[in-house]
Amino acid sequence: MNTYHVRLYTSGDVLPDMTSHNFFHSPDLFHIIERTPGQRPYMAVATDNDGHVVGHLLAIVRRRGSLMPPYLFTQGRIYGEGEYEDDAQSEEIFGQLLYTITRKLRRKLCLYTEFSDLSRKMFGYRFFRKNSYVPVSWQEVHNSLHSKAPAERISERIEQRIERVYNLGVVTREATTEQEVRQFHKLLRQFFRFKIHRLPPPEEQFVELFKSNRARIFITLYKKKIIGGCVCAYSEGNAYLWYLASRRKRYPHLHPNMMTIWHAMNWAWEHNYAHFCFLDVGLPYPRNPYREFILSFGGKPVATYRWFRFSIGWMSRIVAWMYRE
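Residues numbered from 1 in each chain as written. Predicted model: local features only at pLDDT ≥ 70, side-chain atom pairs only at ≥ 80, totals over all residues. Heavy atoms only, no water.

Novice: Whenever I open this one, the pairing of strand β2 (residues 39-47) confuses me. Can you help?
Specialist: In the case of a regular strand, side chains alternate between the two sheet surfaces. Judged by how many residues are buried, β2 sits mostly within the fold: eight of nine residues are covered. In the sheet, strand β1 (residues 5-9) pairs with β2 via five bridges, with the strands oriented antiparallel. Following the sheet pairing, Val6 is matched in β2 by Ala46. (Buried < 20%, exposed > 50% of the residue type's maximum accessible area, 1.4 Å probe, protein only. Helix = DSSP H or I, 4+ residues; strand = E, 2+ residues; numbered from the N terminus. Pairing = 2+ DSSP bridges.)

Novice: Is there a simple way to explain the nonpolar core in this structure?
Specialist: The nonpolar side chains of a soluble globular protein tend to be buried with one another. Counting 38 residues, the largest nonpolar core has Phe24, Leu29, Phe184 and Trp242 as the members making the most contacts within it. Sort the elements by how many residues they give to this core and helix α5 (residues 178-191) lands first, with five residues. Residue contacts for Leu29: discarding those within four places in its chain leaves Phe23, Phe24, Leu58, Ile60 and Trp242. (Core = buried A, V, L, I, M, F, W, Y, C linked by side-chain atoms within 4.5 Å. Contact = heavy atoms within 4.5 Å.)

Novice: Is there a simple way to think about the pattern of salt bridges in this case?
Specialist: A side chain of one charge can pair with a side chain of the opposite charge if their charged atoms are brought near each other. Enumeration according to the criterion identifies 13 salt bridges in this entry. A salt bridge links Asp280 to Arg306; the shortest N-O distance between them is 3.9 Å. Separated by 26 residues along the polypeptide, Asp280 in strand β12 (residues 275-282) and Arg306 in strand β13 (residues 300-310) bring together distant segments of the chain. Owing to a relative accessible area of 3%, Arg306 belongs among the buried residues under this scheme. In the salt-bridge network here, residues are joined through shared partners; they are Arg77, Glu114, Asp280 and Arg306. (Salt bridge = Lys/Arg side-chain N within 4 Å of Asp/Glu carboxyl O.)

Novice: I tried to follow the environment of Arg161 on my own but got confused; where do I start?
Specialist: Secondary-structure assignment places Arg161 in helix α4 (residues 156-167). Residue Arg161 is classed as partly exposed on the basis of its relative accessible area of 24%. In sequence terms Arg161 and Ser296 are 135 residues apart; their C-alpha atoms lie 12 Å from each other. Among residues more than four places away in sequence, those in contact with Arg161 are His255 and Met258.

Novice: What is the right way to read a nonpolar patch on the surface from this model?
Specialist: Together, Tyr285, Ile312, Trp314, Ile318, Trp321, Met322 and Tyr323 make up a nonpolar patch on the protein surface, roughly 750 Å² of accessible area in all. For Trp314, the location among the structural elements is in helix α9 (residues 313-322). (Patch = residues over 30% accessible without salt bridge, like charges linked within 9 Å, V, L, I, M, F, W, Y side chains within 5 Å. Areas by Shrake-Rupley, 256 points an atom, 1.4 Å probe, with all protein chains shown as cover.)

Novice: Even after reading the chapter, I still don't get the packing of α5 against helix α6 (residues 203-211), so can you show me in this structure?
Specialist: To characterise two packed helices, one gives the angle between the axes of the helices and the distance between these axes. Two numbers describe how α5 lies on α6: the axes approach to 9 Å, and their chain directions differ by 135°. By the criterion of interaxial angle, the relationship of α5 to α6 is oblique. α6 is crossed by α5, and the crossing has right-handed handedness. On the side of α5, the interface is formed by Glu178, Val181, Arg182, Phe184, His185 and Leu188, while α6 contributes Glu203, Phe206, Val207, Phe210 and Lys211. Taken together, the residues of the contact of α5 with α6 sort by class into six nonpolar, one polar and four charged. (Axes fitted to C-alpha atoms, helices over the stretch in contact; angles between N-to-C directions. Parallel < 35°, antiparallel > 145°, perpendicular 65-115°, else oblique. Left-handed = near helix turned anticlockwise from the far one by under 90°. Nonpolar A, V, L, I, M, F, W, Y, C, P; charged D, E, K, R; others polar.)

Novice: Please explain the packing of aromatic side chains as it appears in this structure.
Specialist: The description of an aromatic ring pair rests on the distance of the ring centres and on the angle between the ring planes. If you walk through the whole model with that rule in mind, you get 32 aromatic pairs. An angle of 65° between the planes, with centres 6.2 Å apart, marks the rings of Tyr222 and Tyr251 as edge-to-face. Residue Tyr222 is found in strand β9 (residues 215-222), and its partner Tyr251 is found in the loop between β11 (238-246) and α7 (256-270); the two are separated by 29 residues along the sequence. On the basis of relative accessibility, which here comes to 12%, the residue Tyr251 falls in the buried class. For the ring pair Trp267 and Tyr273, a centre distance of 6.3 Å and an interplane angle of 20° mean the geometry is stacked. Judged by its relative accessible area of 11%, Trp267 falls in the buried class. (Phe/Tyr/Trp six-rings, centres within 6.5 Å; stacked < 30°, edge-to-face > 60°.)

Novice: Mind showing me how you'd approach α4 here?
Specialist: Each α-helix winds once per 3.6 residues, and so residues spaced three or four apart point in a common direction. Between its terminal C-alpha atoms α4 stretches 17 Å, which fits the 16 Å expected from 12 residues at 1.5 Å a residue. Taken residue by residue, α4 has Ile158, Ile162 and Val165 as its buried positions. Down the axis of α4, the smallest arc covering the buried residues is 65°, so these residues share one side. Structural note: α4 exposes Glu156, Arg157 and Asn167 on the side pointing more than 90 degrees away from its buried face. (Expected span 1.5 Å × (residues − 1). Arc of directions from axis to C-beta.)

This is the structure:
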């Protein structure tokens, strides 16, 4: 195995020059996280003997806390396996980047570190195991946009429902002001209030994403009131649904999630993105209403792993036992 020099960067002012097409591991997202309170970016960069960057991996560390129940800890979050030169040995380089990131987050006393959205289910399997990560089966849904329009993939029933809700006066569009972004973030926080695992980022990050050309925030309105919305990121020719929330219990007849997704998907198709990917459809339970709802838009389920590493050994053992295959 080739040995590369790996360096960890925590300041955007000293990041080396690197070619980056993957938004989730880009200097752009690094700077956004850097400007967001309560979060800190760590960019692990691998270079060859000539000092040329051959791969990099971005980890996000954020503080989490609550008064009810009382807790305070840090969490590490990584989307995907990083980005590598076309002719590089990506898995071998990933193994060294993973070791460097894991060692750093362990020293930072992160309660747990989570990897998601890998390009292949078995990517880096032996390196994850070597660094004491636990695999949990997960699901994503990918919608192809390059062969058919979204309207050609949905059922007649869904099409009629969308038309009916449009006629009731529901509108979905891009957020146009920071105030709208902050209002949607408030809705998102309320939506995730009792979902311990799904913690939305701080409001400042949404404002930074709103200013970025690598993301879009869509909001769904009824009588000029925001009843839903989503955050989409765009990377390597694909669109990714990152966050989704709505007031579906208060406005069930308006189907705000459906209208938000429908608009975001058509926007991606109109702007020539190849796929629309739902990053989190949940655990692969036989009966998963949310997964069935997402599949109604004509996508295909994708089986994958999420990898977790806990700083407390017995927590890792419990998770490994609960989600054993």
